[in-house]
Amino acid sequence: VGGWTGLGGSKLGTKRTLPKKYFEEISANISSFGIHGLIIIGGFEAFTGSLEMMEGRAKFEELCIPLCVIPATVSNNVPGSDFSIGADTALNTITTTCDRIKQSAAGTKRRVFIIETMGGYCGYLATLAGLAGGADAAYIYEEHFSIRDLQVGVPTRLIQRPRWLRWRGGGLSSHG
């Protein structure tokens, strides 16, 4: 596997797609390269792909090799894991950015700052960054919201906030 470092799953035939459709090609590549086990580094799709490969073992003997999934995603949404590579870095980056925005916002009045975070369909980063940064709200994919919710919710929060509090209208949203 020397020289494969930057190629990821492309040599096996997975190419960031789920493997179920490519079992024959993957099996042939595992056999021809003499692979005896796989360490799969990735997020939810990597986890799902490893489950598909385990299901494929019934038809393809080459797939009967040890598989290990190392969670690596900013979303921190790999089932069976508490934490994933990249999540802490992303959270710290968002928190630092929110702190800088708060410094900018300190002298303003009646302004709203909405910060969209990474994380796709998982509100982990928006929720924890909202807590760490003191946001008024965190709008996350798991709790469906619309632009109308923002139109109603943000002005209400501005009215309810004490006048002495300078960081106004901070909100975080995970994109999805």
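This text goes with the structure placed above it.
Computed from a predicted model, the values in this text were never measured in an experiment.

**Q** An account of the overall build of the protein is needed here, citing residue identities and associated values.
**A** The number of helices and strands found in the protein is five helices and five strands. Secondary structure elements of the protein, listed N to C terminal, follow the sequence α-β-α-β-α-β-α-β-α-β. Looking at the 176 residues of the protein, the share that counts as buried comes to 38%. Counted over contacts in the protein with a minimum sequence separation of 6, partners at least 24 positions apart contribute 65%. A total accessible area of about 10,900 Å² is found for the protein, and carbon and sulfur atoms account for 56% of it.

**Q** With reference to specific residues and values, describe unusual backbone geometry.
**A** The backbone of Asn76 shows a phi angle near 55 degrees, a positive value even though the residue is not glycine. Inspection of the secondary structure assignment puts Asn76 in the loop between strand S2 (67-71) and helix H3 (87-105). Judged by relative accessible area, Asn76 falls into the buried class, the value being 13%.

**Q** Can you break down the nonpolar core residue by residue, with the values?
**A** Counting 11 residues, the largest nonpolar core is built from Phe23, Ile26, Ile30, Ile35, Leu38, Ile40, Ala46, Met53, Phe60, Leu63 and Ile65. Counting only elements with at least two residues in this core, the list comes to helix H1 (23-33), strand S1 (38-42) and helix H2 (44-55). Ranked by residues supplied to this core, first place goes to H1 with three residues. Residues Ala87, Leu91, Cys98 and Tyr124 belong to the second largest nonpolar core, which totals 10 residues.

**Q** So, H3: which residues are in play, and what are the values?
**A** For H3, built from 19 residues, the straight-helix expectation of 27 Å at 1.5 Å per residue is met to within 8% by its first-to-last C-alpha distance of 27 Å. Turning to H3, its buried residues are Ala87, Ala90, Leu91, Ile94, Thr95, Cys98 and Ala105. Projected down its long axis, H3 carries its buried residues within an arc of 130 degrees, all on one side. Along H3, the residues that are exposed and aim more than 90 degrees away from the buried face are Thr89, Arg100, Gln103 and Ser104.

**Q** How would you summarise the pattern of salt bridges if you had to cite specific residues and measurements?
**A** Applying the stated rule across the entire model yields two salt bridges. Across the pair Glu55 and Lys20 runs a salt bridge, and its minimum N-O distance is 3.9 Å. A residue pair is termed long-range when its members are at least 10 positions apart, and Glu55 in helix H2 and Lys20 in the segment before H1 qualify at 35 residues. Given the relative accessible area of 48%, Lys20 is considered partly exposed. Between Asp99 and Lys102 there is a salt bridge, and its shortest N-O distance comes to 3.9 Å.

**Q** Go over H1, please, and point to the residues and values.
**A** Along H1, the positions that sit buried rather than exposed are Phe23, Ile26, Ser27, Asn29 and Ile30. Across the axial projection of H1, the buried residues extend over an arc of 165 degrees, all falling on one side. H1 presents Glu24 and Ser32 as exposed residues on the side facing more than 90 degrees away from its buried surface. Contact partners of the buried residues in H1: H2. Of the residues trailing H1, Gly34 is marked for its positive phi of about 65 degrees.

**Q** Residues and numbers for the packing of H3 against helix H4 (residues 124-133), please.
**A** Interhelical geometry of H3 versus H4 gives an angle of 45 degrees and a closest axis separation of 9 Å. Judged by the angle between their axes, H3 and H4 are oblique. Crossing of H3 against H4: the hand is right-handed. Where H3 abuts H4, its residues Ala87, Ala90, Leu91, Ile94, Thr95 and Lys102 lie against Tyr124, Leu125, Leu128, Ala129, Ala132 and Gly133.

Reading the values: rules and limits
- Residues numbered from 1 in each chain as written.
- Predicted model: local features only at pLDDT ≥ 70, side-chain atom pairs only at ≥ 80, totals over all residues.
- Heavy atoms only, no water.
- Helix = DSSP H or I, 4+ residues; strand = E, 2+ residues; numbered from the N terminus.
- Buried < 20%, exposed > 50% of the residue type's maximum accessible area, 1.4 Å probe, protein only.
- Contact = heavy atoms within 4.5 Å.
- Areas by Shrake-Rupley, 256 points an atom, 1.4 Å probe, with all protein chains shown as cover.
- Core = buried A, V, L, I, M, F, W, Y, C linked by side-chain atoms within 4.5 Å.
- Expected span 1.5 Å × (residues − 1).
- Arc of directions from axis to C-beta.
- Salt bridge = Lys/Arg side-chain N within 4 Å of Asp/Glu carboxyl O.
- Axes fitted to C-alpha atoms, helices over the stretch in contact; angles between N-to-C directions.
- Parallel < 35°, antiparallel > 145°, perpendicular 65-115°, else oblique.
- Left-handed = near helix turned anticlockwise from the far one by under 90°.

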